[in-house]
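Fold and geometry: a report
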Amino acid sequence: MKKHDCKLYLILFIGYFFYQCQVTSHQFNTLPVESSSVQIPQPSKQHPMVDFQVIKAADWEVPLAGLLNLEDPQSKLANLKDKPEPISIYFYLIKHPKLGSYLIDSGIGESFTKGKEELLVSSIVASQMNFDKLKIFETTKNFLEKNKIDLKGIFFTHLHLDHVMGAYEVNRNVPFYVGQNEVSDKQFINLFVQSSTNRLLGENANLIELNFGNKGQGLSIIDFFGDQSLFIISVPGHTAGSLAFLIPSKDGGHLILGDTCHTRFGWLQNVIPGSFTSNPNLNRKSLDGLKSLVSSYKPKYIYPGHQERIVSDIK
Ligand SMILES: [Zn+2]
């Protein structure tokens, strides 16, 4: 090993232990919520249903080794190797009949359509994010304006950059709900992304961590509106505060996995993400929890974080 290599490793080693920081340095508030780990009831006629829409904001390409654990026996059986994998960036609209419109994740802001000069991310982040392959179909501001949506809140599956790229375009009074410990958790990698995440969330972001409490075994679930129209599920692992969502519907319900499972292969073969996940063991537990939820609730549509939905045939 060369002398300057040793120095670099020493700096990284020290950095790893001493320079861990939060994903954003913005202030946040904590909202204690009543969670339970009981089975989600099937929808009944007296409960309201929300309108639900999926919006594909962009197509993109990232390394498969980040999206999928290539060491998993199922990945090996399929002879999967690292390569650029086509993915999409989605966000979701929920329209409650009485309580208004909410998004899950924030899509992409206009500045990303304007080339490198106007990017809100730092140059080191931009160099790693493969923006040349980003093909944008819809910006968040345009979507909200053309549909005359008066937004009441955004729920974030988590705060990785590809999920917060439209947040800065939203009114500052709109609450940004995130999972437990999503902001307070500290990671070394955040040293490089914190300033970009800060800019993408925008100044004075109204950040609220949902505090599920410590329920022990099983998934922690909240009935967010209190009328069984939207269930938010704590699925730590990909990030500390990752969230999944179950939205009952007349045709059997929608389960949004977030990046607890990015890909169709990952869901169908039960393989967790690769290097993009911060805690693989916890991610495994959460994916197992979602699998068991699906076997009892049987939602019709399952949405991996970055690929097309799967129509479930579980009867
Ligand atoms: Zn993602």
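Chains are numbered independently. Their residues run from 1 in the order of the written sequence. Local features in this predicted model are restricted to residues whose pLDDT is 70 or higher, and side-chain atom pairs enter the listing and the counts only when it is 80 or higher, whereas totals over whole chains, interfaces and linings include all residues. Side-chain numbers come from the whole structure's heavy atoms, not from hydrogens or water.

Going by this rule: UniProt positions are given in the numbering used here, feature names are shortened, and annotations may be inferred rather than shown by experiment.
Under an unreviewed UniProt entry, the name given to the chain is MBL fold metallo-hydrolase, and the organism recorded is Leptospira bouyouniensis. In the Sequence similarities (unreviewed entry) part of its UniProt record, the chain is described as follows: "Belongs to the metallo-beta-lactamase superfamily." Under the heading Cofactor (unreviewed entry), UniProt records this for the chain: "Zn(2+)".

Overview of the coordination of the zinc ion
Let me state the cut-off plainly: Donor atoms are limited to N, O and S found within 2.8 Å of the metal ion, a distance that becomes 3.2 Å for Na, K and Ca. With water left out, some sites might look partial. In this scheme the shape depends on donor count and angles: four donors with every angle between 85 and 135 degrees give tetrahedral, four or six donors with opposite pairs above 155 degrees and others between 65 and 115 give square planar or octahedral in turn, and any other case is irregular. Put simply, DSSP marks the helices as runs of H or I at least four residues long and the strands as runs of E at least two long, and each gets a number from the N terminus on.
Ligation of the zinc ion by protein atoms is provided by Asp162 (OD), His163 (NE2), Asp259 (OD) and His306 (NE2), these donors lying 2.0 to 2.1 Å from the ion. Around the zinc ion, the four donor atoms are arranged such that angles at the metal cover 85 to 166 degrees; this shape is classified as irregular. Mapping the donors of the zinc ion onto the primary sequence yields the spacing D-H-x95-D-x46-H. In this pair, aspartate 162 is assigned in the loop between strand E7 (151–155) and strand E8 (175–178) and histidine 306 in the loop between strand E15 (301–304) and strand E16 (310–311), connecting sequence segments 144 residues apart.

Quick look at the side chain of serine 196
Going by this rule: It only takes one pair of heavy atoms within 4.5 Å for two residues to be counted as in contact.
Relative to the assigned elements, serine 196 resides in helix H6 (residues 190–201). If sequence neighbours within four positions are ignored, serine 196 has contacts with Leu120, Val121, Ser122, Val125 and Leu161.

As for unusual backbone geometry
Here asparagine 79, not a glycine, exhibits a phi torsion of approximately 55 degrees, which is positive. You can see asparagine 79 is positioned in the loop between helix H3 (73–77) and strand E4 (84–96). One non-glycine residue, lysine 148, adopts positive backbone phi at about 50 degrees. Take lysine 148: it is sitting in the loop between helix H5 (140–146) and E7.

With respect to the environment of serine 195
The line we're drawing: Each residue is placed in one exposure class: buried if its accessible area under a 1.4 Å probe, protein chains only, is under 20% of its type's maximum, exposed if it is over 50%, and partly exposed if it falls in between.
Assignment of secondary structure puts serine 195 in helix H6. Residue class for serine 195 comes out partly exposed when judged on its relative accessible area of 35%.

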